[in-house]
Amino acid sequence: MNSVSERFVRYFSLILIFFFLTSSSSWGFLGEFTIKDEAKLGQKFKKLIRARFPIIEDPEVKDYVQKIVQRIERNMPPQPFPISIDVVNNNNMNAFATVAGYVVVFSGMILGVDNESELAAVLAHEMAHIAQRHVAKNIERSQLIGVGALLGVLAGVFVGSKDAGEALVVGSLAGAKSAFLKYSRDNEREADQVGLNFLIKAGYNPEGMISAFEKIRKKKWLSGSNIPSYLSTHPGIEERIGYLQERIKRLEGQRAKGKGQKAWGKKGAQNLHVVNTRQEMLYRVQTLLRARYTEPKTALAYFQKNKRRGCLSTLGEAIVLSRLNQIKTAKKVFAKALKCAPHDSLFLREGGRFYYAFGKLDQAALYLQKAILLNPKDLIALFFYARVLSEKGDLDTASNYLQKVLKYLPEDAEVHEHLAVVLGQKGDIFAAHLHLAYAKLYKNNKKQARFHLKKIKAMARTEEQKKKVKDFEKAYKERSEVW
């Protein structure tokens, strides 16, 4: 395991320990874990994740992943909670399920797969944990072992131990209780089996689960992590691949006899079109993740070497060049990308972002307007268009657009910050300090958040303003629980 992954897991585990030690006594976890308890814990846990880890809110990425989740969810039994998912900006191949239907997938997992079936397989596995209520059952049963062991197991379940470093963290916290190791191994086997059913019912190729696990195994081998099954809270990857291969063979045999699921492996022009379209969407998301969120020099080398994705490769190269401040070259490559896909909203949006960043407001406005017309749900395009308008002096329209973005991204610090600037320019000082308070809150800057809180408390005159102060104080209190 690399040092970044180890720090992530250790840090995350310590947060979970603190959270449960300070919260479990008032919730009565050591007994029946009710749906109400799970809902409350789920909300707290989501706030913790969003407070501590970088969430990717780009609609191109989020909508793509959500559609896969929704496709699988339609083929699950009724659940007490809707499935929700966040994408964390982290290069490791990982995903994990928590409680109350909440799933987290790392950007590295999306970048690490070759097709949508592999990504869907990982998500189906995590959604199977939710469907079987593994975390909730572990919480209920843990009263037989004790609070300390419970915290360790929860840390392992939430993070999803997949290598030696993580196993050592969980082992040290849980006291290496053999009952817990056995239980977690059964959890994983059941999640594989149930997840495979979900995957097939959703129309994906079940081989995607095997190839996804093989990629995880290869990454573990390359990173030098190789541990036997009995040292981990999860079965070894080799063991899991083995029994999945056997199960798929049996399913294929049943299918050949006309007794099994016929959803995967369809032939014909219509199905081929759907598969190709979905594959192109995966390439699109991978291009954006690699260009915007990975190390720029490595990403540039990748795009310059891999031209097989045509226009998308050109767009990725242009974005990375702009991140590296190679302005002249970036301008040429953006021009090439926009000529290649003149009616694609993503290309137009990224072109608009580039021209805005380097002061070409008219060109930026032109591209961003076109992007919004083609994709009205693209909040990033709307955000940058609002910034263009504010710099051109249209403060009213800019503030309206920024407030529209905040309705969908209420915890985005950058949007709050820019709205505060616009409102300050308009002379609404109370509202400016209010949004600066939220911006600092969502950046985890306690000192500055308290500073702006004092400002708005001193300035609040109307009942509406006083209510907004109370709303902020409530948000501050909730956030401070996970600081």
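Not measured: the values here are computed from a predicted model.

Asker: Describe the overall build of the protein, with residues and values.
Answerer: Along its length, the protein carries 23 helices and three strands. Here the protein holds 483 residues, and the buried ones make up 54% of them. For the protein, contacts bridging at least 24 residues in sequence account for 64% of all contacts bridging at least 6. As displayed, the protein has an accessible area near 22,700 Å², and 53% of this comes from carbon and sulfur atoms.

Asker: Can you tell me about a positive patch on the surface, naming the residues and giving the values?
Answerer: Taken together, the side chains of Lys 446, Lys 447, Arg 450 and Lys 454 present a region of like positive charge at the surface. Within the secondary structure, Arg 450 sits in helix α22 (residues 446-459).

Asker: Summarise the sheet that holds strand β3 (residues 102-106); cite the residues concerned and give the values.
Answerer: The mixed open sheet is built from three strands, whose spatial order is β1-β3-β2. What marks the edges here is a single partner per strand, and that holds for β1 (84-88) and β2 (95-97). Between one strand axis and the next, the sheet turns through 15 degrees on average, direction left out of account. When β2 meets β3, the two strands line up antiparallel, connected through three bridges. The residue of β3 that forms the bridge with Ala 95 is Val 105.

Asker: Explain unusual backbone geometry residue by residue, including any values.
Answerer: Positive phi, normally seen in glycine, also occurs at Asn 325, with a value near 60 degrees. With respect to the helices and strands, the residue Asn 325 is situated in the loop between α14 (311-323) and α15 (327-340). Given the relative accessible area of 54%, Asn 325 is considered exposed. The residue Asn 444 is not glycine, and still its phi comes out positive at about 60 degrees.

Asker: Which residues make up the side chain of Ser 107, and what are the values?
Answerer: Relative to the assigned elements, Ser 107 resides in helix α4 (residues 107-112). On the basis of relative accessible area, Ser 107 is assigned to the buried category, the value being 1%. With residues near it in sequence (within four places) discarded, Ser 107 still touches Ile 56, Val 87, Val 88, Asn 89, Asn 90, Asn 91 and Leu 289.

Asker: Please provide a residue-by-residue account of the state of the cysteines, values included.
Answerer: Think of a disulfide as a covalent bridge from one cysteine sulfur atom to another cysteine sulfur atom. For the structure on display, the rule yields one disulfide. Disulfide partner of Cys 311: Cys 340, at an S-S distance of 1.7 Å. Its S-S torsion of approximately -60 degrees makes the covalent link between Cys 311 and Cys 340 left-handed. Of this pair, Cys 311 sits in helix α14 while Cys 340 is found in helix α15, placing the two residues 29 residues apart along the sequence. The class of Cys 340 is partly exposed, set by a relative accessible area of 40%.

Asker: Hey, could you go over the side chain of Asn 92 for me, with residue numbers and the actual values?
Answerer: Tracing the backbone shows Asn 92 in the loop between β1 and β2. In terms of polar contacts, Asn 92 uses its side chain to reach the side chain of Asn 90, at 2.7 Å.

Asker: Could you give me a rundown of the environment of Ala 136, with the residues and numbers involved?
Answerer: Here Ala 136 lies in helix α6 (residues 134-141). Residues Ala 136 and Thr 34 lie 102 residues apart in sequence; the distance between their C-alpha atoms is 8.5 Å.

Asker: Tell me about the packing of aromatic side chains, residues and numbers included.
Answerer: If you walk through the whole model with that rule in mind, you get 12 aromatic pairs. Between Tyr 438 and Tyr 442, the ring centres sit 6.0 Å apart and the planes meet at 20 degrees, which makes this aromatic pair stacked. Of this pair, Tyr 438 and Tyr 442 both sit in helix α21 (residues 429-442), four residues apart, roughly one helical turn. A relative accessible area of 14% means that Tyr 438 is categorised as buried. Ring plane angle 45 degrees and centroid distance 6.3 Å describe the contact between Phe 472 and Tyr 476, whose orientation is recorded as tilted. Highlighted residues: Phe 472 and Tyr 476, both in helix α23 (residues 463-480), separated by four residues, approximately one helical turn. Overall, Phe 472 belongs to the buried group, its relative accessible area being 0%. Judged by relative accessible area, Tyr 476 falls into the buried class, the value being 15%.

Criteria and thresholds
- Residues numbered from 1 in each chain as written.
- Predicted model: local features only at pLDDT ≥ 70, side-chain atom pairs only at ≥ 80, totals over all residues.
- Heavy atoms only, no water.
- Helix = DSSP H or I, 4+ residues; strand = E, 2+ residues; numbered from the N terminus.
- Buried < 20%, exposed > 50% of the residue type's maximum accessible area, 1.4 Å probe, protein only.
- Contact = heavy atoms within 4.5 Å.
- Areas by Shrake-Rupley, 256 points an atom, 1.4 Å probe, with all protein chains shown as cover.
- Patch = residues over 30% accessible without salt bridge, like charges linked within 9 Å, V, L, I, M, F, W, Y side chains within 5 Å.
- Salt bridge = Lys/Arg side-chain N within 4 Å of Asp/Glu carboxyl O.
- Lys, Arg positive; Asp, Glu negative; His and termini not counted.
- Charge placed at Lys NZ, Arg CZ, Asp CG, Glu CD.
- Pairing = 2+ DSSP bridges.
- Axes fitted to C-alpha atoms, helices over the stretch in contact; angles between N-to-C directions.
- Disulfide = S-S within 2.5 Å.
- Polar contact = N/O pair within 3.5 Å; in protein donor to acceptor, adjacent residues only side chain to side chain.
- Phe/Tyr/Trp six-rings, centres within 6.5 Å; stacked < 30°, edge-to-face > 60°.

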